[in-house]
Amino acid sequence: MSLPDVVIVGGGVIGLASAWRMAKDGLRVTVLDAGQLGGESSRAAAGILGPLAESSRDDAFTALLWHGLERFPGFVDALREDTGIDPELDLTGILRLVAADEAAAYRDSLAWRRRYAALSVREETWPGFALAVWSPREGQVYGPRYLQALADACATRGVNLQRGRAATGLVSHGGRVTGAQTTSGPAAAGVTLVAAGVWTDQVLQPLGIATGVRPIRGQVLAVRAPAPHPEVRYAAIGYVARKRNGVCIIGATEDDAGYDGSVSLGGIVRLAEKAARLAPELSGASFQRAWAGLRPKTADGLPVVGWWPGVEGLMVATGHYRNGILLSALTAEWTAALARGGGSPAPGVTASFGPERLLSKPGSPAGPGIG
Ligand SMILES: Cc1cc2nc3c(=O)[nH]c(=O)nc-3n(C[C@H](O)[C@H](O)[C@H](O)COP(=O)(O)OP(=O)(O)OC[C@H]3O[C@@H](n4cnc5c(N)ncnc54)[C@H](O)[C@@H]3O)c2cc1C
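Since the structure is predicted, the reported quantities are computational estimates derived from the model, not experimental observations.

Caption draft 1: Structural detail: the site of the ligand. Neighbouring the ligand are 40 residues, the closest being Asp33, Ser42, Ile48, Ala167 and Leu326. Within the backbone of Ser41, a nitrogen or oxygen atom sits 3.2 Å from an oxygen atom of the ligand. At 2.8 Å, a backbone N or O of Ile48 approaches an oxygen atom of the ligand.

Caption draft 2: Region of the structure containing the packing of helix H3 (residues 60-83) against helix H8 (residues 328-339). Following both chains from N to C, one finds H3 and H8 inclined at 85°, their axes separated by 7 Å at the closest point. Compared by their axis directions, H3 and H8 come out roughly perpendicular. Counted together, Leu64, His67, Gly68, Arg71, Phe72 and Phe75 of H3 and Ser328, Ala329, Leu330, Ala332, Glu333 and Trp334 of H8 form the full contact between these two elements. Looking at the contact of H3 with H8 residue by residue, the class counts come to seven nonpolar, three polar and two charged.

Caption draft 3: Main features of the sheet that holds strand S9 (residues 167-173). Strands sit in the order S9-S10-S11 across an open sheet of three strands; the sheet is antiparallel. With one partner strand each, in any of the chains shown, S9 and strand S11 (185-188) form the two edges of the open sheet. Averaged over all neighbouring strand pairs, the angle between strand axes comes to 35°, with direction disregarded. Where strand S10 (residues 176-182) meets S11, four bridges bridge the pair, whose relative direction is antiparallel. If you follow Ala180 over to S11, its bridge partner there is Ala187.

Caption draft 4: The nonpolar core, seen in detail. With 69 residues, the main nonpolar core has Ile8, Met22, Val29, Phe72, Tyr146 and Leu150 as its most contacted residues. Of all the elements, H3 adds the most residues to this core, at 10 residues. In this view, Val29 contacts Val6, Ile8, Ala19, Met22, Ala23, Gly158, Val159 and Asn160; residues no more than four positions away in its chain are not counted. Residues Val9, Leu32, Ala187 and Ile209 belong to the second largest nonpolar core, which totals 21 residues.

Caption draft 5: Spotlight on helix H4 (residues 100-116). Over its 17 residues, H4 extends 24 Å from the first C-alpha to the last, a length consistent with the 24 Å expected when each residue adds 1.5 Å. By the largest-angle criterion, Leu110 marks the main kink of H4, which is about 50°. Looking only at H4, the buried set comprises Glu102, Ala103, Tyr106, Ser109, Leu110, Trp112, Arg113 and Tyr116. Its buried side turned inward, H4 meets H3, strand S4 (94-98), strand S5 (120-123) and strand S6 (131-135).

Caption draft 6: Summary view of the side chain of Ser135. You can see Ser135 is positioned in strand S6. What makes Ser135 buried here is its relative accessible area of 2%. Sequence-distant contacts of Ser135, defined by excluding residues within four places in its chain, comprise Leu52, Gly93, Ile94 and Leu119.

Caption draft 7: Representation of the sheet that holds strand S15 (residues 238-242). Ordered by their spatial adjacency, eight strands build an open sheet running S5-S6-S4-S14-S15-S16-S13-S17, and the pairing between neighbours is mixed. Each edge of the open sheet carries a strand with a single partner, namely S5 and strand S17 (286-297). Neighbour-to-neighbour, the strand axes of this sheet turn through a mean angle of 20°, independent of strand direction. The pairing of S4 with S6 spans five bridges and is classified as antiparallel.

Caption draft 8: Spatial organisation of the packing of aromatic side chains. Within the structure shown, the criterion is met by six aromatic pairs. Judged by centre distance (5.0 Å) and plane angle (80°), the ring pair of Trp20 and Phe75 falls under edge-to-face. Residue Trp20 is found in helix H1 (residues 13-24), and its partner Phe75 is found in helix H3; the two are separated by 55 residues along the sequence. For Trp20, a relative accessible area of 0% translates into the label buried. For Phe75, a relative accessible area of 4% puts it in the buried group. Ring centres 6.0 Å apart and planes at 20° place the aromatic pair Tyr234 and Tyr239 in the stacked group.

Caption draft 9: The packing of H1 against H8, seen in detail. Running from N to C, H1 and H8 point in directions that differ by 50°, and their axes come no closer than 8 Å. As the angle between them shows, H1 and H8 are arranged oblique. Our pair here, H1 against H8, has a crossing hand that is right-handed. In contact with Val13, Ile14, Ala17, Ser18, Arg21 and Met22 of H1, H8 contributes Ser328, Thr331, Ala332, Glu333, Thr335, Ala336 and Ala339. In terms of residue class, the contact of H1 with H8 is made up of seven nonpolar, four polar and two charged.

What counts, and where the lines are drawn
Residues numbered from 1 in each chain as written. Predicted model: local features only at pLDDT ≥ 70, side-chain atom pairs only at ≥ 80, totals over all residues. Heavy atoms only, no water. Near = heavy atom within 4 Å. Polar contact = N/O pair within 3.5 Å; in protein donor to acceptor, adjacent residues only side chain to side chain. Axes fitted to C-alpha atoms, helices over the stretch in contact; angles between N-to-C directions. Helix = DSSP H or I, 4+ residues; strand = E, 2+ residues; numbered from the N terminus. Parallel < 35°, antiparallel > 145°, perpendicular 65-115°, else oblique. Contact = heavy atoms within 4.5 Å. Nonpolar A, V, L, I, M, F, W, Y, C, P; charged D, E, K, R; others polar. Pairing = 2+ DSSP bridges. Core = buried A, V, L, I, M, F, W, Y, C linked by side-chain atoms within 4.5 Å. Buried < 20%, exposed > 50% of the residue type's maximum accessible area, 1.4 Å probe, protein only. Expected span 1.5 Å × (residues − 1). Bend = angle between axes of the 7 residues up to and from the residue. Phe/Tyr/Trp six-rings, centres within 6.5 Å; stacked < 30°, edge-to-face > 60°. Left-handed = near helix turned anticlockwise from the far one by under 90°.

Here is the structure:
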C-alpha cells in the first residue's frame, strides 16, 4: 500500500476536523490516537461557541474566534451531508451576564463588540448582575454529536482511523520529519501533523522542540430540570448551557492540577455555586453526572497552528485552550490548506498564531529544532 499523504497524531476535535477536511480535499490521511477518538479534552467540552463571551479585548484573538464562528455553519452543513448526523448547531444567541465589578470595563468595550454583533444591553435587570447583554449571533453545538459526526465523516472519506495506537515520537532524517514513531513501528507520511492536545510536547520532545502547552483542568456538571431556561447564560464565573435533550451543562472550573483529569468534591461545590448564581431555578434539578477534561494551554494562552520552522514536513495544531470546539472548523481549513501546499485561508486573521512566535521569545520553550 502506498504511503498516506498526512499522518495526524491525536484524534481529538482538532485532529479529526483536520483529517476530514484534508480527506475532502483528496489527501490520504491516517489518524493515530493513543485512546478513543475524541476521548480527552474534546469529550469534556460544553460546546459553547462564544467569541465575544470569551473575549475581553479588541485584539487579534477576538478576530480569530469570530472568524472561527463564521466558518462553523458551512462546516457543519458539509458534515451533515457526509454523515446525516445533526450536531445541533444553534447560533440564536447567548445571554452574557456582567457583574458589578466588571461593568464599567464592559460598557467601555461595547463599541468594538458591536462591530461584531448587534448587542442589546439591559441595566440591572438580573439579580446579582449589573448588566444583561443579549448577543444574538453566538450559541452552541452539542459536543458528543459533533465529535461523532467528525469521526463518521472521516470514515466516510476513507481516513485510516487507528484507535489505541500511540505515537512515541517522530521519525526524522536530516531536518525532515517523515512520520510518527509508534510502539508498533513507524507510521510514515509526507506531512506529519501533531495535534495531541496537552500531550503534544511529549510527541515533539525527542526532537528537542516544544510548544510549551500544558493542561488546565476543567470540571463540568450535568443536571436535568423539568423546564430549564432555554438560552445559554454566560458570565465571568462560568456558564449554564441547555442542550436539546433537556440536560443543562454547568461549567467550568479552571484548575492547575497537572495531568489529573479527575472530578473533585471542591470542584462540584464550586460548580453548584455558579449554577445558584446563574440559574437559581435549577436548584431542584436532578444530578446527572460530572466530568473533567484537560484544556491545552500555551504560555500566552493562544493557539499555535502551522509548519514548525526549520523542520520540514512537521505541522502542529494545539493550544486551543477554552475554544477548541469553536476554532475547530477554522483550524481544519487552515491545516488542510497548508498540507495542500497553500497558505492560510484567512492570512490576515491567522498570521499571529503560527509557531514562529514560540521561537522568537527569550526563554522560549520551543528549543533549537532539528536540522
Ligand atoms: C470542561 C471543558 C469545557 C470546554 N468547553 C468548551 C466550549 O464550550 N467551547 C469550546 O470551543 N471549547 C471548549 N473546551 C475546550 C476544548 O474542549 C479543547 O480546546 C479541545 O477539545 C482541544 O482539542 P484537541 O484535539 O487539541 O485535544 P484533545 O481533545 O485532548 O485530543 C488530543 C488527542 O490526542 C491523543 N493523544 C495524546 N497523546 C497521544 C500520542 N502520543 N499518540 C497518539 N495520540 C495521542 C489523545 O488520546 C486525544 O484523543 C472545553 C474544555 C474543557 C476541558
